[in-house]
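Residues per chain, in single letters:
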Amino acid sequence: MKFKIDVVRIRENSIELNGWVIGKTPESRARFKVLDGRKKPVDIRCVSTRRDDVSQIYYKKIYDRDFGFDIRFPYTRGQDYWLLINCDGKTSRMKFNEELIARRSSVAHKRMEKIRDLMNMETVRVAVEFGRKHGLKALFLKSKHKIQGFDNDYDYGEWYNLTKPSGEELAAQRRTKFPCEPLFSIVIPAYKTPEKYLREMLDSILAQTYQNWEVCLVNGSPEGEGKLVDRVMKQYTAQDARFRYQDLGRNLGISGNTNAAIQMAKGDYVILADHDDTLPEHALYEVAAAVNSHPECDVIYSDEDKLDMDGGALFDPHFKPDFNPDLLTSVNYICHLFVVKRELLEQTGGFRHQYDGAQDYDFIFRCTEKAKGIYHIPKVLYHWRCHQQSTASNPESKLYAFEAGSRAIMAHYERCGIPAEKVEKGVDFGIYHTFFKIQGNPLVSVVIPNKDHRQDLDLCIRSIMERASYRNLEFVVIENNSQDPETFSYYERLQKEFSNVRVVRWEREFNYSAINNFGAGFAKGEYLLFLNNDTEIISPRLFEEMLGFCQRPDVGIVGARLLYQDDTIQHAGVVVGFGGIAGHTFIGLHQAENSYFHRAMCAQDYSAVTAACMMTKASVFRDAGGFTEELAVAFNDIDYCMKVRALGKLVVYAPYALMYHYESKSRGLEDTPEKVARFNREVAIFARRWPDILKNGDPYYNPNLTLRKSNFALRDLLKEKIGEPYKLEVDVENTK
């Protein structure tokens, strides 16, 4: 017998236990008993729950059995209780009291529980496979990061309970009268829906603190198989006229069923929901608040998480950025909760059956393309039930969905006039990699400052010359006060060997911004690639990957993915606010590890990227005024990105444009009083130039995530309040 108590809660005068138990075979049955301190039996309520994850791990197969349990029994403060589990003729017992329950809630206990959870053959199999594919160093790093994650102050379930609205707040929401109280039509296509799940969805809508809604549910179950849904819906429609129901009598497919539900809708806004998911009580209230604060927006979406099969645990929260068009072409990150204004829906049209499997992805593309405004609510307003046949937990079970998604992306490009060659599977199913068509054969000017580091420079230029598949390049090397005479001899040899290399001399004091502006003045290319000399190309398609984005009229800058020498991430985009001002995402993560929702391997828009490898249009560079020379050392590339965004252009991170960047991981802080003073001065300059983003937060990052780490971890509730920007520890006004 194996068993585990996942959750122990004291609720008023009762104790709740959630867990699982298995025996020697799937047919083994467990029996439960609770004794008090006098060894007297206690009345218990025991409900069996699905635990397909346990079945998969221990039996290598999903059985139609309930291996989980949910037990509740009366509790008297100060008393001891014993849980007895009997299976296969053996009995195990566990003691519970206030002290033991408090100990189970401690950080140290949770860490040990997580470590024990990993001690199974499935973990070993995955680890061996990962190590075989990526090497022992990568496996060591992944294991290290996994263990470091155990030290997070909160499990998501705890974190959610601490951040969700209190009873008083929910009561206040029920009393609130908005100036505009739109009717929300929640459209739900049902198909062979289990009664338990359907009731949980409908009950979650009944519990909403905002009351102006209707449910439009259609039953697409085949004839003879929809009686259960029919019976349940007759109860709800009789109970509340806001529930509206139609039995189609046959299955029209997911698109056809959803369209039938949409046709029933009378609301000002339509909200998409699946038949087996749930909404938190405050979901519609938050949407109504968004409608009132942003009436120009006709598309609204929220964050989401996942709900386990028995509905007892929330996990895997997806905290999303504000609207991010390039991330949307990499993955359907919007998904749920999705709200669209009726007028826009009628203009866009409903779901299309040729995209079944990714019908919502296609629908979201068409809505966002025509939307007057798109608003993101940075709160979890949707619980997505996760089971083995759902793309939420087992992408390969719906491979056709991802093929339909690829076609939906290509259709989006065609409507938008974006020339794309093909869309392929990215790092995982549901993650897409677009290959764009390069328009013409534009000259790209590679601008590289250099001082004495001729070996680094030589490796940088030769790696591009020898490995890059794009050939129409020129190199502008900016000589910056080198001291070694051999450096100048090297320049002579380099220019003789390569006719497309030109060395120009900067003879004033060091100023990164001024040096690059000076070098750009000699560039003849339509596109500029600012590049550090301590880089080496990895991806032969580096220039094609970057040009594919940079040629678009709406894009002003493209950044690359940069790795340290040990194949860990040095740069995968920049978040303004990390560390107080700005910082790189996913630093130190091995390139083979999974990042937060695969973000390191998704093309997407960011507020900034590093100029260690940054492509920009020459025309945009001129329009933005180049790099700000007041920022001689720090934040000049971030500042340039902010200036380009102020022109209405996007800054795109291209993960398949890949280079090594041999910058030392241990550079440390500025090491002289003069350098510290200069750094602080430039921090203050940046803060004065861009106060809004530092005050309000980076729109491409979620306020529920921490600014103290680069791994997109949950915000620490003890140190960082939700919605409160990171406090800049520099006296902006008095730093001269």
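Bear in mind that the values here come from a model prediction, so they are computed numbers and not experimental data. (Residues numbered from 1 in each chain as written. Predicted model: local features only at pLDDT ≥ 70, side-chain atom pairs only at ≥ 80, totals over all residues. Heavy atoms only, no water.)

Draft legend 1. Region of the structure containing the environment of serine 513. For serine 513, the location among the structural elements is in helix α18 (residues 512–520). Between the C-alpha atom of serine 513 and that of tyrosine 640, which follows or precedes it by 127 residues, the distance is 9.6 Å. The contacts of serine 513, once residues within four sequence positions are left out, are Phe627, Thr628, Glu629, Leu631, Ala632 and Asn636. Separated by 3.0 Å, the side chain of serine 513 and the backbone oxygen of threonine 628 make a polar contact. (Helix = DSSP H or I, 4+ residues; strand = E, 2+ residues; numbered from the N terminus. Contact = heavy atoms within 4.5 Å. Polar contact = N/O pair within 3.5 Å; in protein donor to acceptor, adjacent residues only side chain to side chain.)

Draft legend 2. View of the confidence of the model for the protein chain. Averaged over every residue, the pLDDT of the protein chain is 87; residues scoring 70 or more account for 87%. For residues 665–669, every residue scores under 50 in pLDDT, and the model assigns this stretch three contacts once sequence neighbours within four places are set aside. Between residues 726–736, whose pLDDT stays under 50, and residues either more than four places distant or in other chains, the model counts 22 contacts. (pLDDT = per-residue confidence, 0-100.)

Draft legend 3. Quick peek at the packing of aromatic side chains. Within this structure, the stated rule accounts for 43 aromatic pairs. Taking 4.6 Å as the distance between ring centres and 15° as the angle between the ring planes, the aromatic pair formed by phenylalanine 586 and phenylalanine 712 counts as stacked. Taken together, the residues span a long stretch of sequence, with phenylalanine 586 in the loop between β26 (582–584) and β27 (604–605) and phenylalanine 712 in the segment after α23 (691–696) at a distance of 126 residues. Of the two residues examined, phenylalanine 586 and phenylalanine 712, each falls in the buried class. Taken together, the aromatic side chains of Phe578, Phe586, Tyr596, Phe597, Tyr701 and Phe712 make up a single cluster linked through ring pairs. (Phe/Tyr/Trp six-rings, centres within 6.5 Å; stacked < 30°, edge-to-face > 60°. Buried < 20%, exposed > 50% of the residue type's maximum accessible area, 1.4 Å probe, protein only.)

Draft legend 4. Representation of the sheet that holds strand β6 (residues 81–87) in the model. The sheet built from three strands is open, its strands ordered β3-β6-β7 with antiparallel pairing. The open sheet has two free edges, formed respectively by β3 (30–36) and β7 (90–96), since each of these has just one partner strand. Averaged over all pairs of adjacent strands, the angle between strand axes in this sheet comes to 20°, irrespective of strand direction. In terms of strand pairing, β6 meets β7 through seven bridges, oriented antiparallel. Bridge pairing links leucine 84 to arginine 93 in β7. (Pairing = 2+ DSSP bridges. Axes fitted to C-alpha atoms, helices over the stretch in contact; angles between N-to-C directions.)

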